Amino acid sequence: MPADIDGSEVAEPDPPPGRRRLPGGGSGLVSRLAVAIPGVAVAIGAIALGGVAFAACVLVVAAFALYEFYALTAAARPLRWAGYLAALIAIVLAWALQPAERGVLIGLTASLGLVAVAGLILSRRDDVTQRIATTSFGVLYVGLPLALLVATRELPDGAGAVVNVLVGTWVFDTAAYAGGRLWGRRPIAPLTSPNKTLEGTLVGLVAGTFAVWIAGLYMDWITGVESLLLGVVVCIGAYLGDLFESLLKRDVGTKDSGRILLGHGGVLDRFDALLFSVPAAYFVTVLLVQ
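Residues numbered from 1 in each chain as written. Predicted model: local features only at pLDDT ≥ 70, side-chain atom pairs only at ≥ 80, totals over all residues. Heavy atoms only, no water.

Q: Run through the overall build of the chain, naming residues and quoting values.
A: When helices and strands are tallied, the chain shows 10 helices and 0 strands. Sequence-ordered secondary structure for the chain, helices as α and strands as β, is α-α-α-α-α-α-α-α-α-α. The 290 residues of the chain split such that 51% are buried. In the chain, 75% of the contacts between residues at least 6 apart in sequence involve partners at least 24 apart. Accessible surface, the chain as shown: approximately 13,200 Å² in total, 72% of it carbon and sulfur. (Helix = DSSP H or I, 4+ residues; strand = E, 2+ residues; numbered from the N terminus. Buried < 20%, exposed > 50% of the residue type's maximum accessible area, 1.4 Å probe, protein only. Contact = heavy atoms within 4.5 Å. Areas by Shrake-Rupley, 256 points an atom, 1.4 Å probe, with all protein chains shown as cover.)

Q: How would you summarise the environment of Asp269 if you had to cite specific residues and measurements?
A: Mapped onto the elements, Asp269 comes out in helix H9 (residues 267-271). Look at Asp269 and you get buried, because its relative accessible area is 0%. Between the C-alpha atom of Asp269 and that of Asp242, which follows or precedes it by 27 residues, the distance is 8.2 Å. Within the structure, Asp269 has its side chain in polar contact with the side chain of Lys249 (distance 2.9 Å). (Polar contact = N/O pair within 3.5 Å; in protein donor to acceptor, adjacent residues only side chain to side chain.)

Q: Which residues make up the packing of helix H8 (residues 224-252) against helix H10 (residues 274-289), and what are the values?
A: Direction vectors running N to C along H8 and H10 enclose 160°, while the axes themselves pass 7 Å from each other. Classified by the angle between their axes, H8 and H10 sit roughly antiparallel to one another. Of the two elements, H8 crosses H10, and the hand of that crossing is right-handed. For the pair H8 and H10, the contacting residues are Glu226, Leu229, Leu230, Val233, Val234, Gly237, Ala238, Leu240, Gly241 and Phe244 in the first and Phe276, Ser277, Ala280, Ala281, Val284, Thr285, Leu288 and Val289 in the second. Counted by class, the contact of H8 with H10 contains 13 nonpolar, 4 polar and 1 charged residues. (Axes fitted to C-alpha atoms, helices over the stretch in contact; angles between N-to-C directions. Parallel < 35°, antiparallel > 145°, perpendicular 65-115°, else oblique. Left-handed = near helix turned anticlockwise from the far one by under 90°. Nonpolar A, V, L, I, M, F, W, Y, C, P; charged D, E, K, R; others polar.)

Q: Tell me about the packing of aromatic side chains, and please be specific about residues and values.
A: For the coordinates displayed, the defined rule picks out 11 aromatic pairs. Judged by centre distance (5.8 Å) and plane angle (55°), the rings of Phe69 and Phe137 are tilted. Note that Phe69 is positioned in helix H2 (residues 51-72) and Phe137 in helix H5 (residues 128-153), a separation of 68 residues in sequence. Phe69 sits in the buried class, given a relative accessible area of 2%. Ring geometry for Tyr141 against Phe276: centres 6.4 Å apart, planes inclined by 75°, an arrangement best described as edge-to-face. (Phe/Tyr/Trp six-rings, centres within 6.5 Å; stacked < 30°, edge-to-face > 60°.)

Q: Summarise unusual backbone geometry; cite the residues concerned and give the values.
A: The omega angle of the peptide bond from Gln98 to Pro99 is -5°, so this bond is cis rather than trans. Even without glycine at this site, Arg77 takes up a positive phi of about 55°. Mapped onto the elements of the fold, Arg77 is located in the loop between H2 and helix H3 (80-96). Residue Arg77 is classed as partly exposed on the basis of its relative accessible area, which comes to 32%. Phi at Asp127 takes a positive value of approximately 60°, unusual for a residue other than glycine.

Q: Residue-level account of the pattern of salt bridges, with values.
A: Counted by the stated rule, this structure contains 7 salt bridges. A salt bridge links Lys196 to Asp242; the shortest N-O distance between them is 3.7 Å. Taken together, the residues Lys196 in the loop between helix H6 (158-183) and helix H7 (198-216) and Asp242 in helix H8 connect sequence positions 46 residues apart. The exposure class of Asp242 is buried, given its relative accessible area of 4%. Residue Glu245 pairs with Lys249 through a salt bridge whose shortest N-O separation is 3.6 Å. Here Glu245 pairs with Lys249, and both are found in helix H8, just 4 residues apart, close to one helical turn. (Salt bridge = Lys/Arg side-chain N within 4 Å of Asp/Glu carboxyl O.)

Q: For the environment of Leu105, give the residues involved together with the corresponding values.
A: You can see Leu105 is positioned in helix H4 (residues 100-120). The exposure class assigned to Leu105 is exposed, which follows from its relative accessible area of 56%. Distance in space between the C-alpha atoms of Leu105 and Ala147 is 9.6 Å, their sequence separation being 42 residues.

Below you can see the structure in the form of structure tokens.
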């Protein structure tokens, strides 16, 4: 599942003094295909089944992504158990309650109490504000978007809505990489991700939007104009999500968030774009067609 596919992390500088570098790196086309092919198959099956199967798959992704985020921010000593439990509650309740937004909201509200309890039971309170803030941000950054992904699947036409956001995000990433390799000349975010170019981003925006429009041709619940608008929003969200994770990784001086997906890096590397495109797509879809 591509993200960061534009190669923007290839030329990362050495980490600043005192910063640790997490293990990472690609391992070639074979390792990428070994992960991508079964990953796509699982995604298709989970989307088709929906319900508890889809929620369970999202929960697994959330657990690994949150683990990697807390590893990236380990210097801040996040209160991890509270973050994991809050994300779990939000995702499970998004599936269990109707409307799904109520479950997401309850989960986020519960996170405030969980993080407060985690801070209050500490025997030592040094840097407690930083620890609480980092923990809470992990829930907001990872738990909220993935809970909204479950809420997206729970919409009346949820399978198609999930397909729209996945297709738009992944086509944007792939086309942005190809466009940047072929025509890229002008860096668009030189301080954060030097290899991202304006040309590549524009190619990705056009291709991703067009892909969502094509997908919409097979859905009777969304018009062509609505599909185009949704595609633009998904692509912008994907770009921001990709760039934001690059910002985090550059700050701690690492290339990948993990190695669990072999040549793809970590789970957070693969789903970073979705963490921004999913919330954008969810609310636009609800506003347009619900």
